[in-house]
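The residues making up each chain are set out below.
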Amino acid sequence: MCLRIVYSCYGGAHSSPVAAAIHLGQLPRQTIPPKEKFLELQLFDQATSEQHGQLRHLGVDEKGNHVYVLGRGPRGSAVVRALLSGVHLMGGRTHDIKIIDTLPTVNLWMRIGGLFSRRFGWVSIGRPLVLHGIRRAYPRLVRLVELVERNLAAGWPVELSCHTKVLKDFLCTPEKTK
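1. Thoughts on the packing of helix H1 (residues 15-23) against helix H5 (residues 123-153)
Viewed as axis vectors pointing N to C, H1 and H5 meet at an angle of 55 degrees, and their least axial separation amounts to 9 Å. Accordingly, the angle class assigned to the pair H1 and H5 is oblique. Relative to H5, H1 is oriented so that their crossing is right-handed. Along its contact with H1, which presents Ser15, Val18, Ala19, Ile22 and His23, the element H5 presents Ile134, Tyr138, Leu141, Val142, Val145, Val148, Glu149 and Leu152. For the contact of H1 with H5, the class distribution of residues is 10 nonpolar, two polar and one charged.

Printed below as a string of structure tokens:
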């Protein structure tokens, strides 16, 4: 069965496009890519506030699931409810849509950089901060995607949102030193 996997964050410009790219195999899992690789990604540091609430399709994974990015904006949970209500009203199956909140992976560098780059349009100041932050958050993003994939393989027994203890515990587990 084909599912719709939606990686979602506040703006849809940083953590969610990177998570979607990891999921689609466009970024490596074992190493942190150089800054240039993030800049090559479709949608990275590109979203505008006018695009909040719009699903943007990034591709299809090896299992046939469609992968999307969604920037929720300041009315995050309302956007998600509206999306799922729209699917229901159109006769779709809401349980075939899996919305993954990437906000638990976001750090202060990303928040400040995103504010400068996307909100104020100060890209020359914000983008370097976001790139620094995304590289620091990268292992957590990989872990999130791997949790999503394990959950998919198991038939999605556990809901994943920033409010779920499973997700918080998983992402807060200390990194193993290599």
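2. Quick word on H5
Here H5 contains 31 residues, and its C-alpha end-to-end distance of 39 Å is more than 12% below the 45 Å for a straight helix at 1.5 Å per residue. Along H5, the sharpest change in direction is near 50 degrees and occurs at Ala137; proline Pro139 comes one to four residues later. One or two positions beyond H5, positive phi appears at Gly155, with a value near 85 degrees.

3. Topic: the sheet that holds strand S2 (residues 55-60)
Here four strands make up an open sheet; going across it, the order is S2-S3-S1-S4 and the pairing mixed. With one partner strand each, in any of the chains shown, S2 and strand S4 (97-101) form the two edges of the open sheet. Ignoring which end each strand starts from, the neighbouring axes of this sheet average 25 degrees apart. Helix H3 (residues 76-89) rests against S2, strand S3 (66-71) and S4 of the sheet, and its axis sits at about 175 degrees to S4. Where H5 meets the sheet, its contacts fall on strand S1 (4-9) and S4, and the angle it forms with S1 comes to roughly 150 degrees.

4. Regarding the pairing of S2
Relative to S3, S2 is paired through five bridges, and the arrangement is antiparallel. Of the residues in S3, the one forming a bridge with Gly59 is Val67. Between S2 and S3, which follow one another and run antiparallel, lie five residues, and Gly64 among them has a positive phi close to 90 degrees.

5. Focus: the layout of surface pockets
Here the largest pocket is characterised by a volume of approximately 530 Å³. Surrounding the largest pocket, 19 residues form its lining, Tyr10, Gly11, Gly114, Leu115 and Arg118 being those nearest its centre. At six residues, helix H4 (residues 108-119) tops the list of elements feeding residues into the lining of the largest pocket. Its residues assigned to classes, the lining of the largest pocket comprises eight nonpolar, eight polar and three charged.

6. Concerning the confidence of the model for the protein
Across the protein, pLDDT averages 86, with 87% of residues at or above 70. Per-residue pLDDT stays below 50 along residues 174-178; that stretch engages in three contacts with residues further than four places along the chain or on separate chains.

7. Points about the nonpolar core
Counting 32 residues, the largest nonpolar core has Tyr7, Val18 and Phe38 as its most contacted members. Of all elements in the fold, only S1, H1, S3 and H5 reach the threshold of two or more residues within this core. At 11 residues, the largest contribution of residues to this core is made by H5. Setting aside residues no more than four positions away along its own chain, Val18 makes contact with Leu27, Phe38, Leu41, Phe44, Ile134, Tyr138 and Leu141. Within the second largest apolar cluster, nine residues are counted, among which are Val79, Val80, Leu83 and Ile99.

8. Some details on the environment of Gly121
In this fold, Gly121 is placed in the loop between H4 and H5. Sequence separation of Gly121 and Thr48 is 73 residues, and the distance between their C-alpha atoms is 9.7 Å.

9. Structural notes on the side chain of Arg56
Relative to the elements of secondary structure, Arg56 occurs in strand S2. Within the buried set, Arg56 has no salt-bridge partner at all; the shortest N-O distance to an opposite charge, 10 Å, is to Asp45. Among the polar contacts made by the side chain of Arg56, one reaches the main-chain carbonyl oxygen of Gly12 at a distance of 2.8 Å. With residues up to four places along the chain from it excluded, the contact list for Arg56 reads Gly11, Gly12, Leu43, Ala47, Gln51, Val67, Tyr68, Val69 and Gly71.

The rules behind the values
Residues numbered from 1 in each chain as written. Predicted model: local features only at pLDDT ≥ 70, side-chain atom pairs only at ≥ 80, totals over all residues. Heavy atoms only, no water. Axes fitted to C-alpha atoms, helices over the stretch in contact; angles between N-to-C directions. Helix = DSSP H or I, 4+ residues; strand = E, 2+ residues; numbered from the N terminus. Parallel < 35°, antiparallel > 145°, perpendicular 65-115°, else oblique. Left-handed = near helix turned anticlockwise from the far one by under 90°. Contact = heavy atoms within 4.5 Å. Nonpolar A, V, L, I, M, F, W, Y, C, P; charged D, E, K, R; others polar. Expected span 1.5 Å × (residues − 1). Bend = angle between axes of the 7 residues up to and from the residue. Pairing = 2+ DSSP bridges. 1 Å grid on protein atoms, 1.4 Å probe; cavity = no way out; pocket = protein on both sides within 12 Å on 5 of 7 lines; lining within 4 Å. Points joined across faces, edges and corners; volume = space filled by probe spheres on them. pLDDT = per-residue confidence, 0-100. Core = buried A, V, L, I, M, F, W, Y, C linked by side-chain atoms within 4.5 Å. Buried < 20%, exposed > 50% of the residue type's maximum accessible area, 1.4 Å probe, protein only. Lys, Arg positive; Asp, Glu negative; His and termini not counted. Salt bridge = Lys/Arg side-chain N within 4 Å of Asp/Glu carboxyl O. Polar contact = N/O pair within 3.5 Å; in protein donor to acceptor, adjacent residues only side chain to side chain.

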